[in-house]
Amino acid sequence: MSIIKVENLSKDFGSISAVKNVSFEVEEGTIFGFLGPNGAGKTTTINILCTLLSPTSGKAFISGHNCKDEPSSVRKSIGVVFQDTTLDKDLTAYENLLFHAYLYNVKRSDRKARIHDALHFLDLYDRKNDLVKTFSGGMKRRLEVARGLIHKPRVLFLDEPTLGLDPQSRAHLWEFIVKLPEMHNVTIFMTTHYMEEAEVCNKIAIIDNGEIITRGTPTELKKTVGGDVIYIKTSDNMKAGPEIEKLFNITVNDKNGELYLTVPKGDALIPEIIRTIGEKVLSVRLQRPTLNDVFLKITGKQIREENVSSNDTMKNAVRSYRKKFDRN
Ligand SMILES: Nc1ncnc2c1ncn2[C@@H]1O[C@H](COP(=O)(O)OP(=O)(O)OP(=O)(O)O)[C@@H](O)[C@H]1O
Ligand SMILES: [Mg+2]
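Residues numbered from 1 in each chain as written. Chains lettered and ligands numbered in written order. Predicted model: local features only at pLDDT ≥ 70, side-chain atom pairs only at ≥ 80, totals over all residues. Heavy atoms only, no water.

A word on the overall build of the protein
Per the secondary structure count, the protein includes 12 helices and 14 strands. Dimensions of the protein along its principal axes, counting C-alpha atoms only, are 75 × 45 × 35 Å. Considering the protein as a whole, with its 328 residues, one finds that 49% of them fall into the buried category. Accessible surface for the protein amounts to roughly 16400 Å². Of this, 47% is attributable to carbon and sulfur atoms. The distance from the centre of the 47 positive side-chain charges to the centre of the 42 negative ones in the protein is 4 Å. (Helix = DSSP H or I, 4+ residues; strand = E, 2+ residues; numbered from the N terminus. Buried < 20%, exposed > 50% of the residue type's maximum accessible area, 1.4 Å probe, protein only. Areas by Shrake-Rupley, 256 points an atom, 1.4 Å probe, with all protein chains shown as cover. Lys, Arg positive; Asp, Glu negative; His and termini not counted. Charge placed at Lys NZ, Arg CZ, Asp CG, Glu CD.)

Laid out in structure tokens, this is it:
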């Protein structure tokens, strides 16, 4: 069942068309990634869904409620972690959450337990009585996620939840985010520039200049790039190249002393190549397409100028989540 429905949504700011005729749906209990470069229209779309902006045209629904016409019903169903932090730095972690519980009319008898649960879940319980101004960036972001959960929303919006965090803090935050759908019965709508983070999403839509340019599961999108690339060095590349071409009916190219070939499933083919060809294999490496390659292929540009290559911690967090996800 779709918990978010967006139909032909557009938003203009004067002469700027921030969102142009965008449509998509998000299934309940999933993690949906809304990816795009700076100024693509991600926050504008979130603001419309969160009832903070009216669309110029088109419609958006959350749990069947129209975001424009039924804002209070929509607000009850959602939690938001905004791109810019909105915590009160002169209050403690506990007080920030308590204030939020008041705002959302959480029953007095439920408040303490909910706040404690959220603080435990985000690994902040021990710091509950500390002022937020003494928190690290990662702790502040985790506290904002905790706050977003206090009133038990059905959808949690995370706008660039990990922006500006160091790789360890990003990985730490992700450990909690990936558990949210199952443990807190909530659908996640997130935006990020970090393409490797989007690997954990069940579905992705990529937006550029206000338009959705592609959508699908991470695997589906990466398939559109054209498969894995195998790089091989052999004792005699001049012989091995044509041999592999003939045996496997594949085009083989030579680059800087390495043979390379694009195939749908590299890991399955590598052992066969090693077993079959006459030349000695000196080295083999497999390069899988990334979501960055997807963006690059469609738009001809990198999603981000600076280098955001994943470090091992991040890769491991994503890998362990994927394993779990693939099992289910
Ligand atoms: N209140 C506003 N008034 C005028 N223009 C706006 C306003 N809000 C957003 N825009 C413009 O709309 C476009 C989309 O902005 P938006 O904030 O939605 O992008 P974004 O994808 O969230 O970018 P980022 O990754 O930098 O957060 C940009 O050109 C931006 O300048
Ligand atoms: Mg934004």
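Concerning the domain arrangement of the protein
Per the domain assignment, the segments of the protein are domain 1 (2-222) and domain 2 (227-287). Relative placement of domain 1 and domain 2: their C-alpha centres are 44 Å apart. (Domains from an automatic or database assignment.)

Description of the packing of aromatic side chains
In total, this model carries 9 aromatic pairs according to the counting rule given. Here the aromatic rings of Phe121 and Phe176 are separated by 6.0 Å at their centres, their planes lie at 70°, and the arrangement is edge-to-face. Of the two residues, Phe121 sits in helix 4 (residues 108-121) while Phe176 sits in helix 6 (residues 167-177), which places them 55 residues apart along the sequence. Residue classification places Phe176 among the buried residues on the basis of a relative accessible area of 7%. Clustering of aromatic rings is evident, with ring pairs tying together Phe24, Phe32, Phe34, Phe157 and Phe189. (Phe/Tyr/Trp six-rings, centres within 6.5 Å; stacked < 30°, edge-to-face > 60°.)

Quick word on the site of ligand 1
Lining the immediate environment of ligand 1, one finds 14 residues, of which Asn38, Gly39, Lys42, Thr43 and Thr44 sit closest. At a separation of 2.8 Å, an oxygen atom of ligand 1 approaches a polar side-chain atom of Thr43. A distance of 2.5 Å is found between an oxygen atom of ligand 1 and a side-chain nitrogen or oxygen belonging to Thr44. Taken by itself ligand 1 offers 640 Å² of open surface, and the protein chains cover 63% of this. Looking at the shell around ligand 1, the elements with two or more residues in it are strand 2 (16-27) and helix 1 (42-49). Looking at which element gives the most residues to the shell around ligand 1, the answer is helix 1, with 3 residues. (Near = heavy atom within 4 Å. Polar contact = N/O pair within 3.5 Å; in protein donor to acceptor, adjacent residues only side chain to side chain.)

Observations concerning the packing of helix 3 (residues 93-103) against helix 5 (residues 137-149)
The geometry of a pair of packed helices is captured by two quantities: the angle between their axes and the separation between those axes. As a packed pair, helix 3 and helix 5 sit with axes 9 Å apart at the nearest point and diverge in direction by 30°. In terms of their interaxial angle, helix 3 and helix 5 are classed as roughly parallel. Of the two possible hands of crossing, helix 3 and helix 5 adopt the one that is right-handed. Note on element contacts: helix 5 touches helix 3 through Leu143, Ala146 and Arg147, opposite Ala93, Asn96, Leu97 and His100. Considered class by class, the residues forming the contact of helix 3 with helix 5 number 4 nonpolar, 2 polar and 1 charged. (Axes fitted to C-alpha atoms, helices over the stretch in contact; angles between N-to-C directions. Parallel < 35°, antiparallel > 145°, perpendicular 65-115°, else oblique. Left-handed = near helix turned anticlockwise from the far one by under 90°. Contact = heavy atoms within 4.5 Å. Nonpolar A, V, L, I, M, F, W, Y, C, P; charged D, E, K, R; others polar.)

Topic: the sheet that holds strand 8 (residues 187-192)
Across the sheet, 6 strands lie side by side as 6-7-8-3-9-10; this open sheet has mixed pairing. Strand pairing shows two members of the sheet lacking a second neighbour, strand 6 (78-81) and strand 10 (211-216), which therefore form its edges. Pairwise comparison of adjacent strand axes, ignoring direction, gives a mean angle of 15° for this sheet. The sheet contact formed by strand 7 (residues 155-159) and strand 8 spans 5 bridges and is parallel. When the bridges of strand 8 are listed, Asp159 appears paired with Thr191. Strands in contact with helix 5 are strand 6 and strand 7; relative to strand 7, the strand with the most contacts, it is inclined by about 155°. (Pairing = 2+ DSSP bridges.)

Examining the pattern of salt bridges
Following the criterion strictly, the structure yields 12 salt bridges and no others. Two residues, Glu144 and Arg141, come together in a salt bridge whose shortest N-O distance is 2.4 Å. Of this pair, Glu144 and Arg141 both sit in helix 5, 3 residues apart, which is roughly one turn of that helix. With respect to burial, Glu144 and Arg141 carry one shared label: buried. When salt bridges that share partners are traced, they join Arg141, Glu144 and Arg147 into one network. (Salt bridge = Lys/Arg side-chain N within 4 Å of Asp/Glu carboxyl O.)

Remarks on helix 1
Counted residue by residue, helix 1 has 7 buried out of 8 residues, so it is predominantly covered. Three or more residues of helix 1 are buried, namely Lys42, Thr44, Thr45, Ile46, Asn47, Ile48 and Leu49. Positioned one or two residues after helix 1, Thr51 has a phi angle of 70°, which is positive.

Looking at the sheet that holds strand 1 (residues 2-13)
Across the sheet, which stays open at both edges, the 4 strands sit in the order 2-1-4-5 with antiparallel pairing between neighbours. Here the strands that pair on one side only, and so sit at the sheet edges, are strand 2 and strand 5 (65-66). The strands touched by helix 1 within the sheet are strand 1, strand 2 and strand 4 (57-62), with strand 1 carrying the most contacts at an inclination of about 120°.

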